[in-house]
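The lines below spell out each chain.
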Amino acid sequence: DVVKYLLPEVPNWANGSIAGGCHRLENIRYFDAKEVGGSSGLSYFDILQAQINFNQEKQNVLMVARQAPDLDSSKLLGLPPKQEELLFYQALDRVQAKFYSFQAPTFKRINLLWIDPYLAWSETPATLPKLKPGMASKLMNNNWSQSGHPVMVSFCLTALELEKVLEHEKIADHNIRMLGTEAMSPYTPDLTIAAGAKFYLSAYFNKDQELHFYSHGKFMPEEIEGPVTLHDF
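What you see is a predicted model; the values in this text were computed from it and never measured. (Residues numbered from 1 in each chain as written. Predicted model: local features only at pLDDT ≥ 70, side-chain atom pairs only at ≥ 80, totals over all residues. Heavy atoms only, no water.)

Draft legend 1. Looking closely at the packing of helix H2 (residues 44–65) against helix H5 (residues 159–168). Their axes nearest at 9 Å, the elements H2 and H5 cross at an angle of 60°. With respect to H5, the axis of H2 lies oblique. Residues Gln-56, Gln-59, Asn-60 and Met-63 of H2 form the contact with H5, whose own contacting residues are Ala-159, Leu-160, Glu-161 and Lys-164. When grouped by side-chain class, the residues that make up the contact of H2 with H5 number three nonpolar, three polar and two charged. (Axes fitted to C-alpha atoms, helices over the stretch in contact; angles between N-to-C directions. Helix = DSSP H or I, 4+ residues; strand = E, 2+ residues; numbered from the N terminus. Parallel < 35°, antiparallel > 145°, perpendicular 65-115°, else oblique. Contact = heavy atoms within 4.5 Å. Nonpolar A, V, L, I, M, F, W, Y, C, P; charged D, E, K, R; others polar.)

In structure tokens form, the structure reads like this:
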């Protein structure tokens, strides 16, 4: 039964980020990395890539379903178990074929920007945030996107949601990679469960890459795990 490979859904009231100051719009299904690794022999990196793929496909299915005119789209948060099972095994097949949803840049220097402090959330429920005034031009003209390969990180939005926010601001750039909430895990790389979901950077980037983390006021959120050089943005 696929249920043993998926951690229980986070209840709505707890589905957010204190550091990001947000309630998430999507409910991420985190993989039980220990169970998945034990039964499939996949590496930690592959387990996370399967989790990303599963959640992105789930979000795509839900986005289509929410277009139905007779449906209250805010109520449609999850999928039937049979459909989850299908997406789960498809996600495992994809990583076994080395098809990865997050393509890590091969550049020596990686510039990670934590975007959440620069999001302006709407009062309207289930609505994507916009960027705060002036942020669009700052994002495009700041050194962060030129001095290394840019990767945007969010504890609040999925990669698909983040892309939509950038598209709305007309600054979508295929050069910018996205690590959304579906790339976080409550499991550490040695498959022990931690106090909450984090980004384990060693899962996505090589030891010889230099990781630079850009955040408002050089704040280092606890959800980021790994050696980085801090910069103010």
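Read on for the rest.
Draft legend 2. The sheet that holds strand S6 (residues 149–153), seen in detail. Spatially, S7-S6-S3-S10-S12 is the arrangement adopted by the five strands of the open sheet, whose pairing is parallel. Every interior strand has two partners, whereas the edge strands, strand S7 (177–179) and strand S12 (229–232), have only one. Ignoring strand direction, the axes of neighbouring strands in this sheet form an average angle of 30°. Where H5 meets the sheet, its contacts fall on S6 and S7, and the angle it forms with S7 comes to roughly 130°. (Pairing = 2+ DSSP bridges.)

Draft legend 3. Summary view of the nonpolar core. Counting residues in hydrophobic clusters, the biggest one holds 44 residues, and the most contacted among them are Phe-31, Phe-88, Leu-112, Leu-179, Phe-199, Tyr-204 and Phe-205. At the level of secondary structure, the elements contributing two or more residues to this core comprise helix H1 (33–40), H2, helix H3 (81–96), strand S3 (109–114), S6, strand S9 (193–200) and strand S10 (210–215). Not counting chain neighbours up to four residues away, the residues in contact with Phe-31 comprise Tyr-5, Leu-6, Leu-7, Val-36, Ile-47, Ala-50, Gln-51, Phe-54, Phe-88 and Tyr-187. Core analysis: the next-biggest nonpolar cluster, separate from the first, contains 22 residues, Cys-22, Met-135, Ile-171 and Ile-176 among them. (Core = buried A, V, L, I, M, F, W, Y, C linked by side-chain atoms within 4.5 Å. Buried < 20%, exposed > 50% of the residue type's maximum accessible area, 1.4 Å probe, protein only.)

Draft legend 4. Geometry of the side chain of Asp-32. Position of Asp-32 among the secondary structure elements: in the loop between strand S2 (22–23) and H1. Although Asp-32 lies buried, it forms no salt bridge, and the closest oppositely charged side chain, Lys-34, sits 8.0 Å away as judged by the N-O distance. Other than its neighbours up to four places away in sequence, Asp-32 contacts Lys-4, Tyr-5, Leu-6, Leu-7 and Tyr-187. (Lys, Arg positive; Asp, Glu negative; His and termini not counted. Salt bridge = Lys/Arg side-chain N within 4 Å of Asp/Glu carboxyl O.)

Purely geometric numbers; function is a separate question.
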